[in-house]
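Overview (structure and organization)
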Amino acid sequence: MSSVMQASIQMELSEPASALLRPEMTAQAAVQALVEAGQVQDALKLLARLLPKRYAVAWLCQCARDQTLNPEDRAGASLAEKWVREPNESNRRAAFEFATAGGYKSAGAWVAAAAGWSGGSLAPAAQETPVPPADHLTACAVVAAINMLAALDVDTFAARRAGFIKPAMSLLNGEGATGT
């Protein structure tokens, strides 16, 4: 199964969006087709899943960096950026714990969750048995955070959300984007 089709299933794209996709489509072509059809939420889901996790979090951080954020949102974005620069377990765990402590109620918590769900374990640090996150959880957190960032200005939500897609399109490299 192609990476586009697999990602569309994992991210539970809507029926109208799924009907637009073909197995032979490149990642760029698939996302572009969804955007052109007005299926922006589905385009975000697919884009976030097709990008390698570190790229998806870096894209999200770039989107957050251009916003006027409150201190909590800035803190979450800072932790995610730290993980992007140094993707080690300590930085991932710090982002995960920030998101968990924030109850996933803010844009900053979701930005941090994107990094926190990129690997490692979701179990408490003291627990010996690891609980790895599902592969698509980073993409889910990216989409939630993008929507929350777009909603910082509700009057321009749709345009802002669509605008967030543009900078990430260059990160998709055709068949090389796999989401892993």
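Residues numbered from 1 in each chain as written. Predicted model: local features only at pLDDT ≥ 70, side-chain atom pairs only at ≥ 80, totals over all residues. Heavy atoms only, no water.

Our next topic: the packing of aromatic side chains. Evaluation of the coordinates by the stated rule reveals 3 aromatic pairs. On the basis of an interplanar angle of 50° and a centroid distance of 5.3 Å, the ring pair of Y104 and W110 is categorised as tilted. Its relative accessible area of 24% is what places Y104 among the partly exposed residues. For W110, a relative accessible area of 17% corresponds to the buried category. The rings of Y104, W110 and W117 are connected pair by pair, giving a single aromatic cluster. (Phe/Tyr/Trp six-rings, centres within 6.5 Å; stacked < 30°, edge-to-face > 60°. Buried < 20%, exposed > 50% of the residue type's maximum accessible area, 1.4 Å probe, protein only.)

Bringing the nonpolar core into the picture now. Residues L21, L46 and W59 are the most contacted members of the largest nonpolar core, which totals 58 residues. For this core, the element with the highest residue contribution is helix α9 (residues 137-150), accounting for 9 residues. (Core = buried A, V, L, I, M, F, W, Y, C linked by side-chain atoms within 4.5 Å. Helix = DSSP H or I, 4+ residues; strand = E, 2+ residues; numbered from the N terminus.)

For the rest of this paragraph, the subject is the packing of helix α6 (residues 71-85) against helix α8 (residues 107-116). As a packed pair, α6 and α8 sit with axes 7 Å apart at the nearest point and diverge in direction by 15°. Taken as axis vectors, α6 and α8 run roughly parallel relative to one another. With respect to the hand of their crossing, α6 and α8 are arranged in left-handed fashion. Of the residues in α8, those touching α6 at E72, D73, G76, A77, A80 and W83 are A107, G108, V111, A112 and A115. Among the residues making up the contact of α6 with α8, the classes are represented as 7 nonpolar, 2 polar and 2 charged. (Axes fitted to C-alpha atoms, helices over the stretch in contact; angles between N-to-C directions. Parallel < 35°, antiparallel > 145°, perpendicular 65-115°, else oblique. Left-handed = near helix turned anticlockwise from the far one by under 90°. Contact = heavy atoms within 4.5 Å. Nonpolar A, V, L, I, M, F, W, Y, C, P; charged D, E, K, R; others polar.)

Take V84: it is sitting in helix α6. You can call V84 buried: its relative accessible area is 16%. Distance in space between the C-alpha atoms of V84 and P132 is 19 Å, their sequence separation being 48 residues. If sequence neighbours within four positions are ignored, V84 has contacts with R54, V57, A58 and C61.

Moving on, we come to the side chain of K45. You can see K45 is positioned in helix α4 (residues 40-50). Of the side chains with opposite charge, D42 comes closest to the buried, unpaired K45, at an N-O distance of 4.4 Å. (Lys, Arg positive; Asp, Glu negative; His and termini not counted. Salt bridge = Lys/Arg side-chain N within 4 Å of Asp/Glu carboxyl O.)

We now examine helix α5 (residues 53-65). End to end, α5 covers 18 Å across 13 residues, agreeing with the expected 18 Å (1.5 Å per residue, within 8%). When α5 is considered as a whole, its buried residues turn out to be K53, A56, V57, W59, L60, C61, C63 and A64. On the buried face of α5, the contacting elements are α4, α6, α8, α9 and α10 (157-169). (Expected span 1.5 Å × (residues − 1).)

Let's shift gears to the environment of F96. Inspection of the secondary structure puts F96 in helix α7 (residues 89-101). Judged by its relative accessible area of 9%, F96 falls in the buried class. Counting along the chain gives 25 residues from F96 to S121, while the straight-line C-alpha distance between them is 9.5 Å. Setting aside its immediate chain neighbours within four residues, F96 contacts Y104, A112, G116, W117, S121 and L122.

What follows covers the side chain of D73. Mapped onto the secondary structure, D73 falls in helix α6. If we ignore the near neighbours within four places in the chain, the residues touching D73 are S106, A107 and G108.

All right, on to the packing of α4 against α10 then. Helix packing for two helices is described by the angle between their axes and how far apart those axes are. Where α4 contacts α10, the two axes come as close as 10 Å, and the packing angle between them is 30°. With respect to α10, the axis of α4 lies roughly parallel. The two elements α4 and α10 cross, and the hand of that crossing is left-handed. Facing α4, whose interface residues are V40, Q41, A43, L44 and L47, α10 presents R161, A162, I165 and A168. Looking at the contact of α4 with α10 residue by residue, the classes come out as 7 nonpolar, 1 polar and 1 charged.

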